[in-house]
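The residues making up each chain are set out below.
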Amino acid sequence: MNMKETSIRPNKKLGFGLMRLPVLEDGKIDIPAVCQMVDAFLEKGFTYFDTAYVYHEGTSEMAVKEVLVNRHPRGSFTLATKLPAWEMKCREDVQRIFDEQLARTGAGYFDYYLLHAVQKSSISIFDQYDCWSWAQKMKEQGLIRHFGFSFHDTAEMLDELLTKHPEVEFVQLQINYMDWEDEKVQSRKCYEVAVKHGVPVVVMEPVKGGTLASLPEKPEAILKECRPQASLASWGIRFCASLDNVMAVLSGMSDQSQMEDNLQTMSDFQPLSGQEMEAVQETVKAIRSVPTISCTACRYCVEGCPQQIKIPDIFKCVNQVRLYGKSEKATANYKNTVKESGAASACVKCGQCESVCPQHLPVTEYLEEAAAVFES
């Protein structure tokens, strides 16, 4: 491990992802609830907080100021946020967005700053506006401590980027035990590229958007037999944290119970044993025998949908049927999902959703399936 790696890594591997925060009935972030979660997180010695310009429609960064910056010493935590290519229309937008982020958070500087969701469709924008060298100027001014990017593409492309940009200090990758050998996500291959370049990894989606926190009966039984008291979510967190080159595992916690479970898992972290790794591998085989839509509910597809379809929420209903069969509960969940938004059948096949999907899912095909299941 070189000195750059040593200095960049937080003391503990669990990171608080501020993407799926608890909300009130009006959709606004529940500030008192998040304050309680933040305090518990810091009290246990964890320090890494991760937000982004677009999370909670921009209000996540604002919440950071209320729940964290205004209530705790700046040196007691580290903060990461991100620059979205899809929000930039000209070179001046780079600095404008960054200045807005500083104002929203009141943080003074960002410990970790990332180009957001780097993939084939966004690289040209980051290149066109020279975001790479711009970030180095912000580092020189002390406004960014460590520079990296979050990534949603092939291992080959990641290798090209890290070769071209040796100034990158860390990468954020989607890693979980289901995607480890997945040929679309390429978790293992991307991780190995990062290792090759000596670049530490921040993990996103360790529980695959909550998918791995609730499993069908057969795969759940495999894990419960191996470790009866452990939550299903804890297996996903520990799988990722067991990787040597991982510096932080982000968990997008939505309530106090999730926080407490993660703190219990990671306060006295134990890497997966050989027996536990075998149980994970058997679980993967069991889950793969039941095909589901591998949506992580990042919600990038929702904002630009002309029909205002809540695509991830509909996919969750479809997966419920795929796993457990059609039921009154599944139908009720679907009806509630589309009550104030577009139904699956409202899709006009414009393709906007598929162009921004980090998982590269055939979204329109799955919406057709949802319409057939719930609307026929």
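Small disclaimer: the values here were computed from a predicted structure and weren't measured.

With that out of the way, let us pick up the packing of aromatic side chains. Considering all chains together, one arrives at 21 aromatic pairs under this definition. Ring plane angle 65° and centroid distance 5.1 Å describe the contact between Phe41 and Phe49, whose orientation is recorded as edge-to-face. When its relative accessible area of 0% is taken as the criterion, Phe41 is described as buried. One aromatic cluster in this structure is built from Phe16, Phe41, Phe46, Phe49 and Phe77. A cation sits over an aromatic face here: Lys12 above Phe46, 4.9 Å from the ring centre. The positively charged end of Arg74 is found above the aromatic ring belonging to Tyr109, 4.0 Å away from the centroid.

Okay, the sheet that holds strand E2 (residues 48-50) next. Overall, parallel pairing links the eight strands, which are arranged E1-E2-E3-E4-E5-E6-E7-E8 in a closed barrel. Each neighbouring strand pair of the sheet contributes to a mean axis angle of 30°, computed without reference to strand direction. Where strand E5 (residues 144-151) meets strand E6 (residues 170-174), four bridges bridge the pair, whose relative direction is parallel. Residue Gly148 lies in a different strand from E6, and its bridge partner there is Phe170. Packed on one face of the sheet, helix H6 (residues 131-140) meets strand E3 (78-84), strand E4 (110-118) and E5 and runs near 155° to E5.

Turning our eyes to something else, we now look at the environment of Cys295. Mapped onto the secondary structure, Cys295 falls in the loop between helix H12 (274-288) and helix H13 (300-303). The exposure class of Cys295 is buried, given its relative accessible area of 18%. Each C-alpha atom of the pair Cys295 and Cys357 lies 9.0 Å from the other, and the pair is 62 residues apart in sequence. Apart from the residues lying within four places of it in its own chain, the contact partners of Cys295 are Lys208, Thr211, Pro312, Phe315 and Leu361.

This part covers the packing of helix H10 (residues 232-241) against helix H11 (residues 256-267). Between H10 and H11, whose axes approach to 10 Å, the crossing angle comes to 40°. Here H10 lies oblique to H11, going by the angle between them. Crossing handedness for the pair H10 and H11: right-handed. Residues Ala233, Ser234, Ile237, Arg238 and Ala241 of H10 form the contact with H11, whose participating residues are Asp261, Asn262, Thr265 and Met266. Residue composition of the contact of H10 with H11, by class: four nonpolar, three polar and two charged.

What counts, and where the lines are drawn
- Residues numbered from 1 in each chain as written.
- Predicted model: local features only at pLDDT ≥ 70, side-chain atom pairs only at ≥ 80, totals over all residues.
- Heavy atoms only, no water.
- Phe/Tyr/Trp six-rings, centres within 6.5 Å; stacked < 30°, edge-to-face > 60°.
- Buried < 20%, exposed > 50% of the residue type's maximum accessible area, 1.4 Å probe, protein only.
- Lys NZ or Arg CZ within 6 Å of the ring centre and 35° of its normal.
- Pairing = 2+ DSSP bridges.
- Helix = DSSP H or I, 4+ residues; strand = E, 2+ residues; numbered from the N terminus.
- Axes fitted to C-alpha atoms, helices over the stretch in contact; angles between N-to-C directions.
- Contact = heavy atoms within 4.5 Å.
- Parallel < 35°, antiparallel > 145°, perpendicular 65-115°, else oblique.
- Left-handed = near helix turned anticlockwise from the far one by under 90°.
- Nonpolar A, V, L, I, M, F, W, Y, C, P; charged D, E, K, R; others polar.

The values reported here are purely geometric and, on their own, carry no functional implication.
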